[in-house]
Amino acid sequence: MEIEAAAELTEAGLVREQYIKDYQNSEEADAFAKALELDKDKFITFFKLIGRRTSKTAYLQSYK
C-alpha cells in the first residue's frame, strides 16, 4: 500500500466536542469518549488516511 495522504482533520476539535457531548448524553459506557474527555493535551485526534493498493503481495502473519 502506498500512502496518498495523511493529515489531521481540520474539524478534529469539533468531532471531539460532539463525540464527548454524545457520550455525556448517553447511558452507555464508552471508553474512547472517556479517554477523549480526559485527554487535556489533545494527544488523541482524528485524521484522514488515504492509501492506494499496490501490486506487491502483502505478508500477513498469524498472531495466534
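Notes on the structure in this doc start here. (Residues numbered from 1 in each chain as written. Predicted model: local features only at pLDDT ≥ 70, side-chain atom pairs only at ≥ 80, totals over all residues. Heavy atoms only, no water.)

With that settled, consider the packing of aromatic side chains. Applying the stated criterion across every chain, the model contains two aromatic pairs. Considering the side-chain rings of tyrosine 19 and phenylalanine 32, the 5.3 Å spacing of their centres and the 85° angle between planes classify their relative orientation as edge-to-face. Here tyrosine 19 is found in helix H1 (residues 12–24), whereas its partner phenylalanine 32 is found in helix H2 (residues 31–38), with 13 residues between them in sequence. Between the aromatic rings of phenylalanine 32 and phenylalanine 46, the centroid separation amounts to 6.1 Å while the plane-to-plane angle is 90°, which identifies the pairing as edge-to-face. Taken as a pair, phenylalanine 32 in helix H2 and phenylalanine 46 in the loop between H2 and strand E2 (47–52) lie far apart in primary sequence, 14 residues in all. Taking the relative accessible area as the measure of exposure, phenylalanine 46 reaches 17% and is therefore buried. An aromatic cluster is built from Tyr19, Phe32 and Phe46, whose rings are joined through pairwise contacts. (Phe/Tyr/Trp six-rings, centres within 6.5 Å; stacked < 30°, edge-to-face > 60°. Helix = DSSP H or I, 4+ residues; strand = E, 2+ residues; numbered from the N terminus. Buried < 20%, exposed > 50% of the residue type's maximum accessible area, 1.4 Å probe, protein only.)

If you check the backbone angles, lysine 42 has positive phi at about 55° while not being a glycine. Classification of lysine 42 as exposed rests on a relative accessible area of 58%.

On to the pairing of E2, then. Along E2, only zero of the six residues are buried, which leaves the element largely exposed. Where strand E1 (residues 2–8) meets E2, six bridges bridge the pair, whose relative direction is antiparallel. Across the sheet, the residue bridging to alanine 7 is lysine 48, located in E2. (Pairing = 2+ DSSP bridges.)

Nothing here speaks to function; it is geometry throughout.
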